[in-house]
Amino acid sequence: MTSKMAVKTWLVFLVAVTSVTGILSSFDSPPEKFVVNLDLPADQRWTHVVTKQPYVDLIPKFRQVIGGMLPEPEVLLPLVEAIAADLDSYIKSPYAQEMRGIAKSLNMNLGDIVGANLLYDVSAFCTSIVMQDDKNMIWHARNLDFSFTDLLRNITVFIDFQRNNQTVYSGVTYAGYIGLMTGQRPKVFTITADERDDGSFWMNFLVGILQRDAVPVSFLIRDTLEESTNYQAAVNKLAYSITMASVYHIVAGVNPGEGVIITKGREEPVDIWPLNLSKNRWFEVETNYDHWNSPPPDDDRRDPAIKAMTNLGQKNISKATLFNVMSTVPIRNNHTTYSVVMSAAQPQIMQAWIRHGDVY
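Anyway, here's the lowdown on the structure attached to this text.

### Focus: the side chain of T243
Here T243 lies in the loop between α12 (231–240) and β8 (247–252). At 2.9 Å, the side chain of T243 forms a polar contact with the backbone oxygen of A245. Ignoring sequence-local partners within four residues, the contact set of T243 consists of A214, V215, V217, L220, K264, G265 and R266.

Quick look at the structure:
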């Protein structure tokens, strides 16, 4: 088949698929919910999650995930082991202790747990949308796409992080992965992170890990959810903290206009792009490319998302309609592990679905 014929065939298929309402399939399912008790010693917080079936059997496959991601595993895996051997020098409390607790609970090499937790940050492909509806309510939706999709779909979990029996923040993550790429602080803000390709991810990782004041992206999100008590504080912390990798932070608050995409280099923001209702910018879409540049033709999820949101309209935003948007091919694709819709103003809206099965 010629390249032109292949493109034409793909376009015909895409039109056929997206002409049908992209509702959840009967194969999709909500992730299992757990409470992580922040009042417990850090090395005990995750034991009840990681020792439960099927997670106890699947988490050890992390080493396969790590090895498959690295261009030179024989060089980089020993580095991860060295970091694990001196973990407190690289990773601050409580995350070092939480990873030790997981490794002990599973009788696993600490380096495998550390490597999985550090490397997920810089290799996930995602779509995030922040928006304001016609009643001035702020919404946030995301798909998280990843390689090793079948494994990750089976270890996706929903976590309420609690202190004094009260939920401080919630997030969707993978069993054995203590960071968050999707989170909500009730009545305050929501956060998602999308990977930003800023050169070789593993080289950025090496530079970042050697810079002792740099923090993994997913740990920064947890810090922000726990420590920031308002939207602007969250935006500032995410934008101006030094991270191990470049990233897109998408943040949504509870007041009109509180929605932003932060394009961040490792040490400082490159661009801060807020909603602007005066310019009819009531929603913004971030995939994995700087918003002022065109996405590559072979991975254009942005334009279909913009089209889907424009067709939906500001008056028709709801949890159901946003799940439909996030179910539209290629926004949802064969690497989509889960979809989330949330609104910090009404935290009970937050819901995640594991996206089982391929769509093309």
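### A closer look at the packing of aromatic side chains
For any pair of aromatic rings, the description consists of the separation of the ring centres together with the inter-plane angle of the planes. Per the counting criterion, the structure on display carries 7 aromatic pairs. Each ring, one from F34 and one from Y55, has its centre 6.1 Å from the other, and the planes form 70°; the classification is edge-to-face. Pair noted here: F34 is in strand β1 (residues 32–37) and Y55 is in helix α3 (residues 55–58), with a separation of 21 residues, a long-range link. In this structure F34 comes out as buried when scored by relative accessible area, which is 8%. Exposure remark for Y55: the relative accessible area of 4% places this residue in the buried category. Three or more aromatic residues joined by ring pairs form one cluster here, namely W46, F161 and Y169. The side chain of K33 reaches across the aromatic face of F158, ending 4.6 Å from its centre.

### Quick word on the sheet that holds strand β11 (residues 283–286)
Two strands in a sheet stick together by hydrogen bonds in their backbones, pointing the same way (parallel) or opposite ways (antiparallel). Here we have 5 strands laid out as an open sheet, ordered β11-β2-β3-β12-β13, and antiparallel in their pairing. Each end of this open sheet is capped by a strand with a single partner; those strands are β11 and β13 (351–354). When the angles between neighbouring strand axes are averaged without regard to direction, this sheet yields 10°. Where strand β2 (residues 125–132) lies against β11, 4 bridges are found, and the strand directions are antiparallel. The partner of M131 across the bridge, within β11, is F283. On the sheet, helix α13 (residues 302–312) packs against β2 and β11 and is oriented at approximately 160° with respect to β11. Together, β2, β3 (138–145), β12 (336–342) and β13 form the strand contacts of helix α14 (residues 319–326), whose direction differs from that of β12 by roughly 150°.

### So, the nonpolar core
Ranked by size, the top nonpolar core spans 74 residues in total, and within it W46, I59, I91, M99 and V114 carry the most contacts. For this core, the element with the highest residue contribution is helix α7 (residues 95–106), accounting for 6 residues. Filtering out sequence-adjacent residues up to four positions away, M99 remains in contact with L87, I91, L110, I113, V114, N117, I178 and F219. The next biggest cluster of nonpolar side chains, apart from the first, holds 21 residues, and it includes I129, V325, V341 and I349.

Conventions we followed
Residues numbered from 1 in each chain as written. Predicted model: local features only at pLDDT ≥ 70, side-chain atom pairs only at ≥ 80, totals over all residues. Heavy atoms only, no water. Helix = DSSP H or I, 4+ residues; strand = E, 2+ residues; numbered from the N terminus. Polar contact = N/O pair within 3.5 Å; in protein donor to acceptor, adjacent residues only side chain to side chain. Contact = heavy atoms within 4.5 Å. Phe/Tyr/Trp six-rings, centres within 6.5 Å; stacked < 30°, edge-to-face > 60°. Buried < 20%, exposed > 50% of the residue type's maximum accessible area, 1.4 Å probe, protein only. Lys NZ or Arg CZ within 6 Å of the ring centre and 35° of its normal. Pairing = 2+ DSSP bridges. Axes fitted to C-alpha atoms, helices over the stretch in contact; angles between N-to-C directions. Core = buried A, V, L, I, M, F, W, Y, C linked by side-chain atoms within 4.5 Å.

By themselves these figures say nothing about function.
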